[in-house]
Amino acid sequence: MEQPIFTTRAHVFQIDPTTKKNWVPASKQAVTVSYFYDSTRNSYRIISVDGSKVIINSTITPNMTFTKTSQKFGQWADSRANTVFGLGFASEQQLAKFAEKFQEVKEAAKLARDKSQEKMETSSNHSQESGRETPSSTQASSINGTDDEKISHGGPETAALITENDRLKTAVEQSNANAKKWETELQTLRESNARLVDALTESSANVESWKKQLNSCKEESETLREKISELEAQCAEASAEKERNAQLSARVQELETELQDKEQELENLRKQAEIIPQLMAECESITEKLQAADVKNKDLEERIGGLQADIEDSQSKQGNMKGELKKFMDILDGKIDELH
């Protein structure tokens, strides 16, 4: 039976039979490509199966050559299949290992062919020798009588012929035994092929079940992806809610700080309410001084023309201050009444 001696994965291509130039993909994805050794036939094959379909079944001969056409692609021609196979690998190391194994298998196939030719030549030589020697022995026996008479009359040449005859008989008997052995091995191979066919049928059924399982797994993965998308959306909403909560917390802290500042200002205003009469008196004195300053400034208008606008602005601000102070006094009176 055949045994795998090397296995790798690659994308399989075949040359377009019409154009003989373009590559046609034989597999949709990377598949297993293996070297098999048949010990009974002493032969090597490259086999690749995609599901239940055999896409490579190439017997390696000494005349084949594996050519690297790029860093990750190689090809070889199979005259028996009347096509050219191409393999695309995932890395340069895989291509180098496959090419090295191809060369080893090619040399082994060459040695096996040479040995078989030597056996065939040896067997043909033996048959020719037996064909040449048997008539002479028959003639000698017919002329000289029995084997004993031939030995007594013929001498050492006749004895050598008899010995060669016996050896040939032994070889024939051995070849018959080998033929029976080969018939037994052939029957064993047929049974093995039947078992392989059964196994292939079973594997095809398994492939169908695996395809169904794969489809169910794909559906489950799609459902899981949708759930993951929903969870991601929920997580995004939760993150946005956390950010809003953080912003609200910061705003609350700012408002608390502002409230404390307002309370401090209110306390300061309460303290300042006690000195408001003095401030009013000071404001009146300042007003009188400003009026006096206005009288004096009339004499200095030519010198301080550029400062007149600032003085008027200060006067308007003081007027606003008086209004605000009056409003504030009213508010304070109301607050004081409320406090009483």
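Residues numbered from 1 in each chain as written. Predicted model: local features only at pLDDT ≥ 70, side-chain atom pairs only at ≥ 80, totals over all residues. Heavy atoms only, no water.

A. The overall build of the protein, seen in detail. On a plain count of helices and strands, the protein comes out with 5 helices and 8 strands. What you see in the protein, going N to C, is helices and strands ordered as β-β-β-β-β-β-β-β-α-α-α-α-α. Burial statistics for the protein: of 340 residues in total, 18% are counted as buried. Taking the intrachain contacts of the protein between residues at least 6 apart in sequence as the baseline, contacts between residues at least 24 apart amount to 51%. (Helix = DSSP H or I, 4+ residues; strand = E, 2+ residues; numbered from the N terminus. Buried < 20%, exposed > 50% of the residue type's maximum accessible area, 1.4 Å probe, protein only. Contact = heavy atoms within 4.5 Å.)

B. Main features of the pattern of salt bridges. Enumeration according to the criterion identifies 7 salt bridges in this entry. Ionic pairing is found between glutamate 241 and arginine 244, a salt bridge with its closest N-O pair at 2.3 Å. Placement of the pair is glutamate 241 and arginine 244 together in helix H3 (residues 156-273), with a separation of 3 residues, close to one helical turn. Residue classification places arginine 244 among the partly exposed positions, given a relative accessible area of 43%. Across the pair glutamate 254 and arginine 251 runs a salt bridge, and its minimum N-O distance is 3.3 Å. On the criterion of helical spacing, the pair formed by glutamate 254 and arginine 251 is a turn pair, its members being 3 residues apart in helix H3. (Salt bridge = Lys/Arg side-chain N within 4 Å of Asp/Glu carboxyl O.)

C. Representation of the packing of aromatic side chains in the model. Under the defined criterion, the tally for this structure stands at 12 aromatic pairs. Measuring from centroid to centroid gives 5.3 Å for phenylalanine 66 and phenylalanine 98, while their planes differ by 55°, and the two rings are tilted. Residue phenylalanine 66 is found in the loop between strand E5 (53-59) and strand E6 (67-68), and its partner phenylalanine 98 is found in helix H1 (residues 92-144); the two are separated by 32 residues along the sequence. Here phenylalanine 66 and phenylalanine 98 have matching classes, each one buried. These aromatic residues form a ring-pair network of at least three members: Phe6, Tyr35, Phe66, Trp76, Phe85, Phe89, Phe98 and Phe102. (Phe/Tyr/Trp six-rings, centres within 6.5 Å; stacked < 30°, edge-to-face > 60°.)

D. Geometry of the confidence of the model for the protein. Confidence in the prediction for the protein averages 80 pLDDT; 78% of positions are at 70 or higher. Per-element confidence in the protein is highest for strand E8 (residues 83-88), whose mean pLDDT is 94, and lowest for helix H2 (residues 147-154), whose mean pLDDT is 43. Throughout residues 133-153 the model reports pLDDT below 50, and contacts reaching past four residues in sequence, or to other chains, amount to 19 contacts. (pLDDT = per-residue confidence, 0-100.)

E. Quick peek at the pairing of strand E4 (residues 43-50). The sheet contact formed by strand E3 (residues 31-38) and E4 spans 6 bridges and is antiparallel. From the neighbouring strand, phenylalanine 36 faces E4, where its bridge partner is arginine 45. Linking E3 to E4, which pair antiparallel, is a turn of 4 residues; within it asparagine 42 sits at a positive phi near 55°. Across 6 bridges, E4 lies against E5 in antiparallel orientation. For isoleucine 46, the partnering residue across the bridge sits in E5 and is serine 58. Hairpin connection of E4 to E5: 2 residues between the antiparallel strands, including glycine 51 at a positive phi of 70°. (Pairing = 2+ DSSP bridges.)

F. Representation of the environment of valine 24 within the structure. Within the secondary structure layout, valine 24 lies in strand E2 (residues 23-25). Along the primary structure valine 24 and valine 12 are separated by 12 residues, whereas in three dimensions their C-alpha atoms are 8.8 Å apart. Those residues in contact with valine 24 that sit more than four places away from it in its chain are Phe13, Gln14 and Asp16.

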